[in-house]
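A closer look at the structure
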Amino acid sequence: MGKKSDDYDDALEKLQVLLVETQAWTMEQGRKTLILLEGRDTAGKDGAIKRITEYMAPRQTRVVALPKPAERETSQWYFQRYVPHLPAGGETVLFNRSWYNRAGVEPVMGFCTPIEYERFLGDAPRFEQLLAGSGVTIIKLWLDISKPEQAARLAARVEDPLKRFKVSPLDAEAQARWDAYTAARDRMLQETDHKAARWTVVATDDKKTARLNIIRHVLRAIGGPGARAEKPDRDVVFPAARAVDRLFR
């Protein structure tokens, strides 16, 4: 156990050093980097973001986790509340859940209308094509988790006082509406995976393995020094277009 932990720490440190080098390059080049982390509840978005950003430049790195929209925001163009948070030159922005709320939790929980849902699925690729055309590198990650592992992590949240702020009234719905979330995920991946912004799926039942492979994928997607990163494990990280038989059901 000790050696395995040491191996993980060593691998993580090397990747974080490469992240720092890669970000320095993006800053010098004035590149705009946008990373969207989506996935089922407890799939490890917070943990992955923490390891990615731990040593990155504070002024050029932002993590965005927007709350429930205010009344005025619900009447705006759907993407409007996200636009002010997009990266400028030299910046890296990570969305801990993004506009893809409208492809998952909102339709499953009835927080949007069927018309709004259908419109989003058509609009999201067009919106992202505009961003990519303006020079934004878009990295979209779907963190997947099995139903038994999710149940175990949800139970652990309730027992752990340090995870109080992770507990949500919607947690119980994650298991109760598992099949509905599965159907929403499948349709989202099918309809919003496009050349300008591909979806990459990550199997996260093993948290540490997932984190290392997420960072490898991010580095290689950004390029520059990041291109030196080892290729991600194909059993852990895979393109959405080839993920049908690997996704948790």
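Definitions and cut-offs
- Residues numbered from 1 in each chain as written.
- Predicted model: local features only at pLDDT ≥ 70, side-chain atom pairs only at ≥ 80, totals over all residues.
- Heavy atoms only, no water.
- Helix = DSSP H or I, 4+ residues; strand = E, 2+ residues; numbered from the N terminus.
- Rg over C-alpha atoms; globule rule 2.2 N^0.38 Å.
- Contact = heavy atoms within 4.5 Å.
- Areas by Shrake-Rupley, 256 points an atom, 1.4 Å probe, with all protein chains shown as cover.
- Pairing = 2+ DSSP bridges.
- Axes fitted to C-alpha atoms, helices over the stretch in contact; angles between N-to-C directions.
- Salt bridge = Lys/Arg side-chain N within 4 Å of Asp/Glu carboxyl O.
- Phe/Tyr/Trp six-rings, centres within 6.5 Å; stacked < 30°, edge-to-face > 60°.
- Lys NZ or Arg CZ within 6 Å of the ring centre and 35° of its normal.
- Buried < 20%, exposed > 50% of the residue type's maximum accessible area, 1.4 Å probe, protein only.
- Expected span 1.5 Å × (residues − 1).
- Arc of directions from axis to C-beta.

**As for the overall build of the chain**
Within the chain, the secondary structure is distributed over 9 helices and 6 strands. Expected size for 249 residues packed as a compact globule is a radius of gyration near 18 Å; at 18 Å, the chain falls within 12% of this value. Intrachain contacts of the chain at a sequence separation of at least 6 include 77% that bridge at least 24 residues. Element-wise, carbon and sulfur atoms account for 53% of the exposed surface of the chain, whose accessible area totals about 13100 Å².

**Structural notes on the sheet that holds strand E1 (residues 32-39)**
One open sheet holds the 6 strands; their spatial order is E2-E3-E1-E4-E5-E6, and the pairing between them is mixed. If you trace the sheet from one side to the other, it starts and ends with strand E2 (61-64) and strand E6 (237-239), each paired once. Neighbouring strand axes in the sheet, compared pairwise and without regard to direction, differ in orientation by 20° on average. Relative to E6, strand E5 (residues 199-203) is paired through 3 bridges, and the arrangement is antiparallel. In the sheet register, Thr200 faces E6, and the bridge partner there is Pro239. Together, E1 and strand E4 (136-144) form the strand contacts of helix H5 (residues 114-133), whose direction differs from that of E4 by roughly 135°.

**With respect to the pattern of salt bridges**
All chains considered together, the criterion is met by 20 salt bridges. Among the charged side chains, a salt-bridge network with shared partners connects Arg40, Asp144, Arg185, Asp186 and Arg249.

**Quick look at the packing of aromatic side chains**
Per the counting criterion, the structure on display carries 14 aromatic pairs. Here the basic side chain of Arg40 rests over the ring of Trp178, its NZ or CZ set 3.5 Å away from the ring centre. The ring centre of Tyr82 lies 5.7 Å from the NZ or CZ of Arg81, which sits over that ring.

**Some details on the environment of Val167**
When you line up the elements, Val167 lands in the loop between helix H6 (147-159) and helix H7 (171-176). Placed 15 residues apart in sequence, Val167 and Ala152 show a C-alpha to C-alpha distance of 13 Å. When residues no more than four places from it in sequence are discounted, the contact partners of Val167 are Arg157 and Val158.

**Considerations on the pairing of E4**
In terms of burial, E4 is largely enclosed, as 9 of its 9 residues are buried. Note that E1 and E4 share 8 bridges and pair parallel. When the sheet's bridge partners are listed, Leu37 is paired in E4 with Leu141.

**Focus on helix H8 (residues 178-192)**
Relative to the 21 Å expected for 15 residues at 1.5 Å per residue, H8 spans 21 Å between its end C-alpha atoms, a close match to the ideal helical length. By the burial criterion, the buried members of H8 are Trp178, Tyr181, Thr182, Ala184, Arg185, Met188, Leu189 and Thr192. The buried residues of H8 occupy an angular sector of 165° when the element is viewed end-on, so they sit on one face. Facing away from the buried surface of H8 by more than 90 degrees, the exposed residues are Asp179 and Gln190.

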